[in-house]
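Here's the letter readout for the chains.
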Amino acid sequence: MFLAFLGPTSGYRQANSSRRQEYLTKVPEWIPFSSRLAYRYHEAVRMNRGMNTKDATGLSAGERLAKGVEGCNFLVVKSCVELDGEYLNLLQDLYRKPVIPICLLPPPGNGSNSGDSGNSSDSAMFHWLDKQQPKTAVYLSFDGSNLLPFGFEKRIRGRGNNARFLVEKGLGFEVERNEDGSFTRAAVAKSMRILMVEPEGQQLRQKAAEMSKSIFSNQDLQGRYMHKFISSLGFTSDYGDASVARGYVNQNFQVL
């Protein structure tokens, strides 16, 4: 989704420090379907600076992205068709090379949804949440996303468009913000009421629960995607959509 929003790599081959951020504040012209993806102005300023300003390596983030994509034979992305299939198809059209989804790869659990055990503070938080009765606690993220399945927010942290993507998919509700990205206690309280108890949030709550079960915590689905990816590398004979990648097996190739 993020890569599809950025568009063709031709726009990032050369860093352009004078490029204005306004191009990031609207849905790009290359997205042919209905989309809510567009950065707020304060988000676009930071994103544009990173994409078009050279760092200590002598390259900008945009230049590294272009070199990586153009130098690989196919792309492996942590996503799935069930969640954002239209963006995956678009990405393949934009890059003109195979794009292979390997699903979301949630961290292994220990009988619960406790997330990544490598971070002790996060682990304690998730364990505490697991013990609460349904509808008595809220997991609220202040970086742009809320009402996310356990562990999902951690994997997409720091990208403002994720909130809009989740709203687009009927899986999230974005807190109303000011132009500079700030928000008020009243705005948070209003969002929580909608998410937790108001009738207008019922459909969102239901869909979030359904998607959590069918995608985010579905280990069988994750396994099928990984099996298909391994198959695409030639270890087994059937992959389906990723069969186009088999031509690169036993050759010198790079994967982004």
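All residue numbers refer to position in the chain's written sequence, counted from 1. Reporting in this predicted model follows two pLDDT cut-offs: at least 70 for local features of residues, and 80 or more for side-chain atom pairs to be given and counted; totals over whole chains, interfaces and linings ignore these cut-offs and use all residues. Computation of side-chain values: all heavy atoms of the structure, hydrogens and water removed.

Student: Account for the packing of aromatic side chains, with residues named and values stated.
Tutor: Pairing of aromatic side chains requires ring centres within 6.5 Å, counting the rings of Phe and Tyr and the six-membered ring of Trp. Pairs whose planes differ by under 30 degrees are stacked, by over 60 edge-to-face, and all others tilted. This model, assessed by the stated rule, comprises 3 aromatic pairs. Ring centres of Phe-5 and Tyr-39 lie 5.3 Å apart, and the angle between their planes is 75°; on these two criteria the pair is classed as edge-to-face. Taken together, the residues Phe-5 in helix H1 (residues 2–6) and Tyr-39 in the loop between H1 and helix H2 (41–52) connect sequence positions 34 residues apart. The buried category is assigned to Tyr-39, whose relative accessible area is 4%. Measuring from centroid to centroid gives 4.9 Å for Phe-33 and Tyr-87, while their planes differ by 85°, and the two rings are edge-to-face. Secondary structure counts use DSSP, requiring at least four H or I residues in a row for a helix and at least two E residues in a row for a strand, with both numbered from the N terminus. For every residue, the accessible area obtained with a 1.4 Å probe (protein chains only) is divided by the maximum for its type, and the residue is called buried under 20%, exposed over 50%, and partly exposed between those limits.

Student: Provide a residue-level description of the nonpolar core, including the pertinent values.
Tutor: Throughout, nonpolar core names a set of buried Ala, Val, Leu, Ile, Met, Phe, Trp, Tyr and Cys residues whose side chains join them through atoms within 4.5 Å. Counting residues in each nonpolar core, the largest one holds 40 residues, and the members touching the most others are Leu-6, Leu-24 and Tyr-95. Elements with a minimum of two residues in this core: H1, H2, helix H3 (61–71), strand S1 (75–77), helix H4 (81–95), helix H7 (161–168), helix H9 (202–216) and helix H10 (219–232). The greatest single-element share of this core, amounting to 7 residues, is contributed by H4. Those residues within four positions of Tyr-95 in sequence are excluded, and the remaining contacts are Leu-3, Gly-7, Thr-9, Leu-65, Val-69 and Leu-75. By size, the runner-up hydrophobic cluster in this structure holds 5 residues, among which are Val-76, Ile-100, Ile-102 and Phe-229. Whether two residues are in contact is decided by their heavy atoms, any of which lying within 4.5 Å being enough.

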